[in-house]
Number of protein chains: 2
Amino acid sequence: MSVTYPRGFRASGTTAGLKPSGKTDLAVVVNDGPADAVAAVYTANRCKANPVLWSQQASADGTARAVVLNSGGANCYTGDYGYETTELTATRTAELLGTDASDVLVCSTGLIGVGGPEFREPILDTLPAALEAAAETPEAGAAAAEAIMTTDTVAKTATREGTAYRIGGMAKGAGMLAPGLATMLVVITTDAVVESGDLDIALRAATQKTFDRLDTDGCMSTNDTVIVMSSGASEHQADLVEFTRLLTEVCGELTAQLHTDAEGAGHDITITTRGAFSEQQAVDVSRAVARSNLFKAAVFGEDPNWGRVVAQVGTTDAEFDPQAIDVTFNGVPVCVGSAPAADPAEVLFDRRVVVEIDLHAGNFEASVWTSDLTHDYVEENSAYSS
Amino acid sequence: MSVTYPRGFRASGTTAGLKPSGKTDLAVVVNDGPADAVAAVYTANRCKANPVLWSQQASADGTARAVVLNSGGANCYTGDYGYETTELTATRTAELLGTDASDVLVCSTGLIGVGGPEFREPILDTLPAALEAAAETPEAGAAAAEAIMTTDTVAKTATREGTAYRIGGMAKGAGMLAPGLATMLVVITTDAVVESGDLDIALRAATQKTFDRLDTDGCMSTNDTVIVMSSGASEHQADLVEFTRLLTEVCGELTAQLHTDAEGAGHDITITTRGAFSEQQAVDVSRAVARSNLFKAAVFGEDPNWGRVVAQVGTTDAEFDPQAIDVTFNGVPVCVGSAPAADPAEVLFDRRVVVEIDLHAGNFEASVWTSDLTHDYVEENSAYSS
């Protein structure tokens, strides 16, 4: 399903040969219209990869006809040659589609520094076949979602049906998930009629509550991109409130899939801060805990170490009384009023771990999702470059 | 040597029985004067342990006669009972020394949440013996340095000799080393005549360039304390410039010892940022790299992954041109002008790893010290509470 679920979109996943494994590594998503509205959010990292630099410009006018995505190389910090590769990818795709290069967005994922001829030539050579294979079928959508995988163990897709229109999305990403997004590539399509300004409003509202709150290892990628494209093929003008809600649900479902598939994770941790003075402060506190290696290692060891939680709360600027903090692990109130309460031995652990912090400073709450710090995480990120 | 190296100080290390291992766990450092000047810096964590809350008040007037330090329990988030324990520790010590409780500082280290009667009673019961054992000998100074160890594998001490005066120090700390300090307890003594205002200036200057730049795992402790006491026993008025330089050297030497003994570290990493617009920006960039789990895991795997370095540089607000960043690993320029340069295979790894970043944006530089992310780190922090 994924990006071909709404009408007006073709997709494919083909093999350019960038991955040593020989698996598919080149995906295209083509918007056949009639509309060509687009909105996108990109990594907040100031060191941006070449495809991000290109796509930021190309999407600025709110129109796009296609997205080309490759795994097997991030094309980041690869010099002028690397930027030219992105430009050539867009130009060649545009020629084949009969459109302008500025209406083709490009996304790359893989190792930073990879982007020489051994990267450029296979992509350019495979583009004709990739576009020829592009189809409106569910299988074609699934193939695109598979072709963008790197260390992902499963393809990630989500769909929603609105009033006379559909939304479909695909995502990849396993490491480097952090605020301002992370080596996360997401393409979402809709056949609703939504002009690009509204698409942008809806997308920012959706990502702010979903992808932006996934912080598996605190590292921010150079390549993150989330794109939403409208074909308008339903000829139905979407209600912006409903559309934003459904888009947020699609983003939320993809976020949950990214969370569960995070590199080396042994536990999927939700950190919910309640009683905060503002939603932002709730996010800040949850995120501070999500970034503590000591806390994350404790969860790996199934130790409900509330001391490491409180210590992280104390590093933030949020409003709270240091003597009035409550912490629960999986529902067990191990710390009440900043003092030991229930016996930590009562906490039962399984794959999902929910830590709730009550600051007693207001009425706002927010959750951040993270992973534990495990031997597998160390292994995956030390034994292999990425 | 350590804290008994200058004249006018007695110390001891005794066993209260807080540690299951039965090793020494209670240290005292007594200033016999004639002066009783003190300065201290405490954790910037807003969730502070009871001994920190007490000692901040007690040291505010610039005078102190003694420091009592225990390992085997942090006395943090232990409620009113815990604060009373700290107060009783100071009161009992003051009675035995014939001074005021407000002239006794207290430091604790160990697990957060530990501070019940099983913690209070052994400390209070052992204080008379601890003070009786306090001696001016090098052995007594060494015993104090040992009694404050937790997961430290070696006792940490440093000394310097100035013009007619001496400085001696001891430190403990292995995990949670981070900005604003970390479960780091440091006591430094001097027999120089330095009034407390000058001690404070010298101490802040010294810690800002030493302890504050050690960031082994990004986690900030609730108990960090660095104390410097002057006995004035040399009757020599120290030159503040020389004193600050020597104090900075003592702090630097202790910092290096803490760095080398960081929990689970396989490599001792120095991250030096040059060509920065300001010293603070150089620190910010170095620290951002020091906090990347992906970078730290790569060093564990002896992978000179400059992409993960550049990605972290991009998360900062420092001045730089994203296309003009150089990165070397152990002297090999693997990234020049934000593009691949020397073959990463040329980088030779041993225990010490030096990463140099040149921003080409100014003339300032600064280093931050960190550790790699290893299986041992995960093991130590997941298998055992701390």
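Definitions and limits used
Residues numbered from 1 in each chain as written. Chains lettered and ligands numbered in written order. Predicted model: local features only at pLDDT ≥ 70, side-chain atom pairs only at ≥ 80, totals over all residues. Heavy atoms only, no water. UniProt positions renumbered as here; feature names shortened; annotations may be inferred. Buried < 20%, exposed > 50% of the residue type's maximum accessible area, 1.4 Å probe, protein only. Helix = DSSP H or I, 4+ residues; strand = E, 2+ residues; numbered from the N terminus. Contact = heavy atoms within 4.5 Å. Pairing = 2+ DSSP bridges. Axes fitted to C-alpha atoms, helices over the stretch in contact; angles between N-to-C directions. Buried area = accessible area lost by both parts, 1.4 Å probe. Polar contact = N/O pair within 3.5 Å; in protein donor to acceptor, adjacent residues only side chain to side chain. Nonpolar A, V, L, I, M, F, W, Y, C, P; charged D, E, K, R; others polar. Parallel < 35°, antiparallel > 145°, perpendicular 65-115°, else oblique. Left-handed = near helix turned anticlockwise from the far one by under 90°.

Under an unreviewed UniProt entry, chain A has the name Arginine biosynthesis bifunctional protein ArgJ and belongs to Brevibacterium luteolum. The annotation that UniProt attaches to chain A under Subunit (unreviewed entry) is "Heterotetramer of two alpha and two beta chains."

A. The arrangement of helix α9 (residues 306-313) of chain A in detail. Here α9(A) lies mainly inside the structure; eight of its eight residues are buried. Residues of α9(A) that are buried include every one of Trp306(A), Gly307(A), Arg308(A), Val309(A), Val310(A), Ala311(A), Gln312(A) and Val313(A), and no others.

B. The environment of Pro304(A), seen in detail. All names here are of chain A. Along the chain, Pro304 turns up in the loop between α8 (293-300) and α9. When its relative accessible area of 8% is taken as the criterion, Pro304 is described as buried. Considering only alpha carbons, one finds Pro304 and Val353, 49 residues apart in sequence, at a separation of 9.9 Å. In contact with Pro304, not counting residues within four places along its chain, are Phe329, Pro344, Val347 and Phe349.

C. Quick peek at the sheet that holds strand β2 (residues 26-31) of chain B. All names here are of chain B. Strands sit in the order β1-β2-β4-β5 across an open sheet of four strands; the sheet is mixed. Where the open sheet ends on each side, the last strands, each with one partner, are β1 (9-14) and β5 (104-108). Within the sheet, the average angular offset between the axes of one strand and its neighbour, ignoring direction, is 10°. As judged from the five bridges shared by strand β4 (residues 66-70) and β5, these two strands associate in the parallel manner.

D. Representation of the interface of chain A and chain B. Facing the 53 residues of chain A at the interface are 54 residues of chain B. Buried area between chain A and chain B, both sides added, is near 4200 Å², and the carbon and sulfur share of it is 58%. Of all residues in chain A, the largest losses of buried area upon contact with chain B belong to Arg46(A), Tyr77(A) and Leu294(A), amounting jointly to 18% of the total for that side. The interface formed by chain A and chain B holds 14 residue pairs in polar contact (both at pLDDT 80 or more) in total. Broken down by secondary-structure element, the contributors of at least two residues to the side of chain A that touches chain B are α8, α9, β13 (339-340) and α10 (375-383) of chain A. Split by residue class, the side of chain A that touches chain B holds 25 nonpolar, 22 polar and six charged.

E. Local environment of the packing of helix α2 (residues 79-97) of chain A against helix α3 (residues 117-133) of chain A. Residue and element names in this part refer to chain A. Between α2 and α3, whose axes approach to 10 Å, the crossing angle comes to 10°. In terms of orientation, α2 and α3 fall into the roughly parallel class. As α2 packs across α3, the resulting crossing turns out to be right-handed. Two secondary-structure elements touch here, α2 through Tyr81, Glu84, Thr85, Leu88, Thr89, Arg92, Thr93, Leu96 and Leu97 and α3 through Pro117, Phe119, Arg120, Glu121, Ile123, Leu124, Leu127, Pro128 and Leu131. A breakdown of the residues in the contact of α2 with α3 according to their chemical character gives eleven nonpolar, three polar and four charged.

F. Main features of the side chain of Asp191(A). Residue position: Asp191(A) is located in the loop between β8 (185-190) and α5 (196-209). Look past the residues within four positions of Asp191(A) in its chain and what remains in contact with it is Pro6(A), Arg7(A), Phe9(A), Tyr165(A), Arg166(A), Ser231(A), Gly232(A), Ala233(A), Ser234(A) and Glu235(A).

G. Focus on the packing of helix α1 (residues 50-59) of chain B against helix α2 (residues 79-97) of chain B. Residue and element names in this part refer to chain B. Their axes nearest at 9 Å, the elements α1 and α2 cross at an angle of 50°. Judged by the inter-axis angle, α1 sits oblique to α2. Like other packed secondary-structure pairs, α1 and α2 cross with a definite hand, here right-handed. Of α2, the residues touching α1 (which contributes Asn50, Pro51, Leu53, Trp54 and Gln57) are Gly79, Gly82, Tyr83, Thr86, Glu87 and Ala90. Looking at the contact of α1 with α2 residue by residue, the classes come out as five nonpolar, five polar and one charged.

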